[in-house]
Amino acid sequence: MNRRAAVEAPAASAKRQLLDAVDDAHLDTAPPLVVLHRATVNMRRFAVLGASRSAHLGL
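Please read these numbers as outputs of a predicted model, since none were measured by experiment. In every chain, residue numbers begin from 1 and rise along the written sequence. This being a predicted model, a pLDDT of at least 70 is required before a residue's local features are given, and a value of 80 or more before pairs of side-chain atoms are given or counted; all residues contribute to the totals for chains, interfaces and linings. With hydrogens and water excluded, all non-hydrogen atoms of the structure serve as input to the side-chain values.

> Please explain the environment of Q17 as it appears in this structure.
Elements are defined by DSSP. Helices are runs of H or I of four residues or more, strands are runs of E of two residues or more, and each kind is numbered from the N terminus. Counting through the fold element by element, Q17 comes out in helix α1 (residues 3-23). Throughout, exposure labels follow a simple rule: accessible area from a 1.4 Å probe, protein chains only, divided by the maximum for the residue type, with under 20% read as buried, over 50% as exposed, and the rest as partly exposed. Residue classification places Q17 among the partly exposed positions, given a relative accessible area of 28%. On a C-alpha basis, the gap between Q17 and N42 in space is 9.5 Å, while along the polypeptide they are 25 residues apart.

Written out as structure tokens, the structure is:
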């Protein structure tokens with residue numbers, strides 16, 4: 001794996017996870033405060049999982 005691929009793979013994965021977190025907030029159907037709450041919870045979950053993965057990998 002070259003350096004560029006090593007950088008782009010985690011970035012693509014993070015982008016997918018971020019988009020999934022936003023999609024899970026149900027922007028089209030839920031009331032605004034529910035969307036905000038769900039998006040916040042999903043983003044925090046995303047951040048915690050990312051931090052735990054980095055710690056596990058020793059980054």
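Text resumes after the structure shown.
> Please explain the pattern of salt bridges as it appears in this structure.
Where side chains of opposite charge bring their charged atoms close, a pairing between them can arise. By salt bridge we mean one thing: a side-chain nitrogen of Lys or Arg within 4 Å of a carboxyl oxygen of Asp or Glu. For the coordinates displayed, the defined rule picks out two salt bridges. With a shortest N-O distance of 3.3 Å, D24 and R38 are connected by a salt bridge. Residue D24 is located in the loop between α1 and α2 (32-57), and its partner R38 is located in helix α2; the two are separated by 14 residues in the primary sequence. Under the relative-accessibility criterion, R38 is labelled partly exposed at 30%.

> So what exactly am I meant to see when it comes to the environment of L19 here?
As for its position among the elements, L19 is in helix α1. Given the relative accessible area of 48%, L19 is considered partly exposed. Between the alpha carbons of L19 and M43 there is a distance of 9.9 Å; along the sequence they are 24 residues apart.

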